[in-house]
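The lines below spell out each chain.
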Amino acid sequence: MADTTTASATASLLADASQHLTEAFKHTQLSPDAITSLQQPKANLAVSIPVRMDDGSLQVFSGYRVHYDNTRGPYKGGVRFHPQVSLDEVQSLAMWMTFKCAVMDLPFGGGKGGITVDPKALSKLELERLSRGYIDAIASFIGIDLDIMAPDVYTNAMVMGWMMDQYSQIKQRQVLGVVTGKPLSLGGSVGRDTATATGAFHVIQTVLPKLGRDPQSTTVAVQGFGNAGSELAALLCRAGYKVVAVSDSKGGIYAAQGLDILSVREYKRSTRKMQAIYCDGSICNMGQARKITNEELLQLDVDVLIPAALENQITAQNVQHIRAKILFEVANGPISFTASQTLVARGVKIFPDILVNAGGVTVSYFEWVQNRTGWYWTIDEVNERLRNRMEKETEHIWEIAQTQGISHRTAAYVHALRRLGTAIDAKGNQDYYRS
Ligand SMILES: NC(=O)C1=CN([C@@H]2O[C@H](COP(=O)(O)OP(=O)(O)OC[C@H]3O[C@@H](n4cnc5c(N)ncnc54)[C@H](O)[C@@H]3O)[C@@H](O)[C@H]2O)C=CC1
Ligand SMILES: O=C(O)CCC(=O)C(=O)O
């Protein structure tokens, strides 16, 4: 199939993403009905959110919440604030959530939300009004047993706190578990802020020894220096890997001898305005190392490449320039279907998003459990449970790939499909096979 994706735009991200599903299905014994039913979301909600701006004017923003599948439990997934958010993007992200939760054996289905907005252009008060307005608009579509939200690109614990509070005001009672990734003071879980990176770190530590690699002799480039990418770069640096390049939306830096990630993080933090939640400065202005573009970062001759920003960064347009031999997808959907097939055919090992970044939703699950029971865990309990789950599912997927002779991505989908397919079959004819 032709790859119509580019780094900035795509014909249909969902159509591209569902090709992985079709590919994996060939390696399962599931009924075609299960696959047919999993190829589109169950429901899409598109809303308009009017927001009173600080200058008195009124602006209306477009927002979405998608329910992809809830066979295994309530819909679960983050909310993204980004200028490129579209219904198609949110649908794809909701699809990946469905398979991610099944990979991790969490009692959740998949959902996702987003608002088309440049949050960096808004004041903190405007951002709060937008976040609360979004909840007003989608309140009947979410709930502690129905659809649970969390942070994603350009949203954070503060935004989650506002959203939980707004929902609770509507319901006239405190409903902590409708949102995860909240501030600790509002029922958040310790370890959720670092969970995505920590989970990815466990996957990396589990598979690299199997591929004959040790930290000291492994060079790494990380695209995206946000919640997931910056924390992971720091963990890798601390473990002895040579992180030679990192980037954010404005560009990156490269140093052959390795970067001091802690001072890069400190620089990024120091450029944050008082009160603001988004950084104004870019690490590419840091002056510690050579400036590079995001495109150059992806093409570096490194052992390990970690896309940790947005989807469709590696496509038919640039796949021939990718030189890394091992990729860990921390971002959701950073590699198009065709580019992924091309890389695998070249012997490149790709560890997929639905496993690698699943630490975030796993600790979100822990947070939801803690909110429901009112029994809060220590950081050691959270981290130990996260490590056990990440290592266990990584080993499963590695084993499926080895025994079936398939890529690690296909193995991850096969693993998820077995759990989803069993659940779909167990439901009988009620939902899926009504003619
Ligand atoms: N935060 C979480 O818990 C989880 C996040 N993810 C995924 O990880 C990825 C990153 O998310 P977060 O770190 O949470 O977001 P974030 O908002 O904390 O950071 C995003 C980072 O990406 C950079 N960026 C934006 N556009 C870029 C571009 N075109 N090129 C290079 N860098 C760019 C930004 O400058 C920022 O450093 C996303 O794909 C998200 O869906 C996946 C699972 C959980
Ligand atoms: O923590 C969660 O519930 C979901 C995080 C998320 O949006 C993702 O894994 O892509």
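Residues numbered from 1 in each chain as written. Chains lettered and ligands numbered in written order. Predicted model: local features only at pLDDT ≥ 70, side-chain atom pairs only at ≥ 80, totals over all residues. Heavy atoms only, no water.

The protein chain is annotated in an unreviewed UniProt entry as Glutamate dehydrogenase of Romeriopsis navalis LEGE 11480. Note on the protein chain: under the UniProt heading Sequence similarities (unreviewed entry), the record states "Belongs to the Glu/Leu/Phe/Val dehydrogenases family." (UniProt positions renumbered as here; feature names shortened; annotations may be inferred.)

> So what's going on with the site of ligand 2? Residues and values would help.
In the vicinity of ligand 2, 14 residues are found, and the nearest of them are Lys76, Lys100, Lys112, Arg192 and Ser364. Between ligand 2 and the protein, one listed contact pairs an oxygen atom with a side-chain N or O atom of lysine 76 at 2.6 Å. Between ligand 2 and arginine 192 there is a distance of 2.9 Å, counted from an oxygen atom to a side-chain nitrogen or oxygen. Surface burial for ligand 2 is 96%, taken as the share of its 290 Å² of free accessible area covered by protein chains. Those elements that place two or more of their residues in the shell around ligand 2 are helix H3 (87-103) and helix H12 (359-373). If one sorts the elements of the shell around ligand 2 by residue count, H12 sits on top with three residues. Among the residues making up the shell around ligand 2, the classes are represented as four nonpolar, five polar and five charged. (Near = heavy atom within 4 Å. Polar contact = N/O pair within 3.5 Å; in protein donor to acceptor, adjacent residues only side chain to side chain. Areas by Shrake-Rupley, 256 points an atom, 1.4 Å probe, with all protein chains shown as cover. Helix = DSSP H or I, 4+ residues; strand = E, 2+ residues; numbered from the N terminus. Nonpolar A, V, L, I, M, F, W, Y, C, P; charged D, E, K, R; others polar.)

> Please provide a residue-by-residue account of the nonpolar core, values included.
Within the largest apolar cluster, 85 residues are counted, with the highest numbers of intra-cluster contacts made by Phe99, Leu232, Leu236, Val246, Ile306 and Phe328. If one sorts the elements of this core by residue count, H3 sits on top with ten residues. Beyond its immediate sequence surroundings of up to four residues, phenylalanine 328 is in contact with Val203, Ile204, Val207, Leu208, Val304, Leu305, Ile306, Pro307, Phe351 and Val356. In terms of nonpolar packing, the next biggest core, distinct from the first, is built from 28 residues, Phe141, Met149, Met163 and Val178 among them. (Core = buried A, V, L, I, M, F, W, Y, C linked by side-chain atoms within 4.5 Å. Buried < 20%, exposed > 50% of the residue type's maximum accessible area, 1.4 Å probe, protein only. Contact = heavy atoms within 4.5 Å.)

> Residue-level account of helix H7 (residues 227-238), with values.
In a regular helix each residue adds 1.5 Å, so twelve residues correspond to 16 Å; H7 covers 17 Å between its end C-alpha atoms and thus fits that length. Burial of H7 is extensive: nine of the twelve residues sit out of reach of the surface. Regarding H7, the residues found buried are Ala228, Gly229, Ser230, Glu231, Leu232, Ala233, Ala234, Leu235 and Leu236. In the core, the buried residues of H7 are packed alongside helix H6 (195-207), strand S7 (219-223), strand S8 (242-248), helix H8 (261-270) and strand S11 (304-307). Two residues or fewer past H7, glycine 240 is found with a positive phi of approximately 105 degrees. (Expected span 1.5 Å × (residues − 1).)

> Tell me what's going on with the site of ligand 1, and back it up with residues and numbers.
Lining the immediate environment of ligand 1, one finds 22 residues, of which Asp152, Tyr154, Thr196, Asn227 and Asn332 sit closest. Backbone polar atom of glycine 226 to an oxygen atom of ligand 1: 3.2 Å apart, as the coordinates give it. Contact with the protein chains covers 90% of the free accessible surface of ligand 1, which is 820 Å². Split by residue class, the shell around ligand 1 holds nine nonpolar, nine polar and four charged.

> Just give me the short version of the UniProt feature "active site" (unreviewed entry) in the protein chain, but keep the residues and values in it.
Cross-referencing UniProt, the feature "active site" (unreviewed entry) maps to Lys112 in the present numbering. Along the chain, the position of lysine 112 falls in strand S5 (residues 110-116). Residue classification places lysine 112 among the buried positions, given a relative accessible area of 2%. Those residues in contact with lysine 112, other than ones at most four positions away along the chain, are Tyr64, Arg65, Val66, Gly77, Gly78, Val90, Leu93, Ala94, Met97, Asp152 and Asn332.

> I'd love a proper account of the sheet that holds strand S1 (residues 43-52), names of residues and values included.
Judged by pairing direction, the sheet is mixed, and its four strands sit side by side in the order S1-S2-S5-S4 without closing on themselves. Of all strands in the sheet, those with a lone pairing partner are S1 and strand S4 (79-82), marking the two edges. Ignoring strand direction, the axes of neighbouring strands in this sheet form an average angle of 20 degrees. (Pairing = 2+ DSSP bridges. Axes fitted to C-alpha atoms, helices over the stretch in contact; angles between N-to-C directions.)

> Got a sec to walk through the environment of glutamate 329? Specific residues and values, please.
Summarising the element assignment, glutamate 329 is placed in the loop between strand S12 (326-328) and helix H10 (337-345). When the C-alpha atoms of glutamate 329 and valine 175 are compared, they prove to be 33 Å apart, with 154 residues separating the residues in sequence. Excluding residues within four positions of it along the chain, glutamate 329 makes contact with Pro307, Pro334, Ile335, Ile350, Phe351, Pro352, Asp353, Val356, Asn357 and Arg409. A polar contact of 2.9 Å, which involves the side chain of glutamate 329, links it to the backbone nitrogen of aspartate 353.

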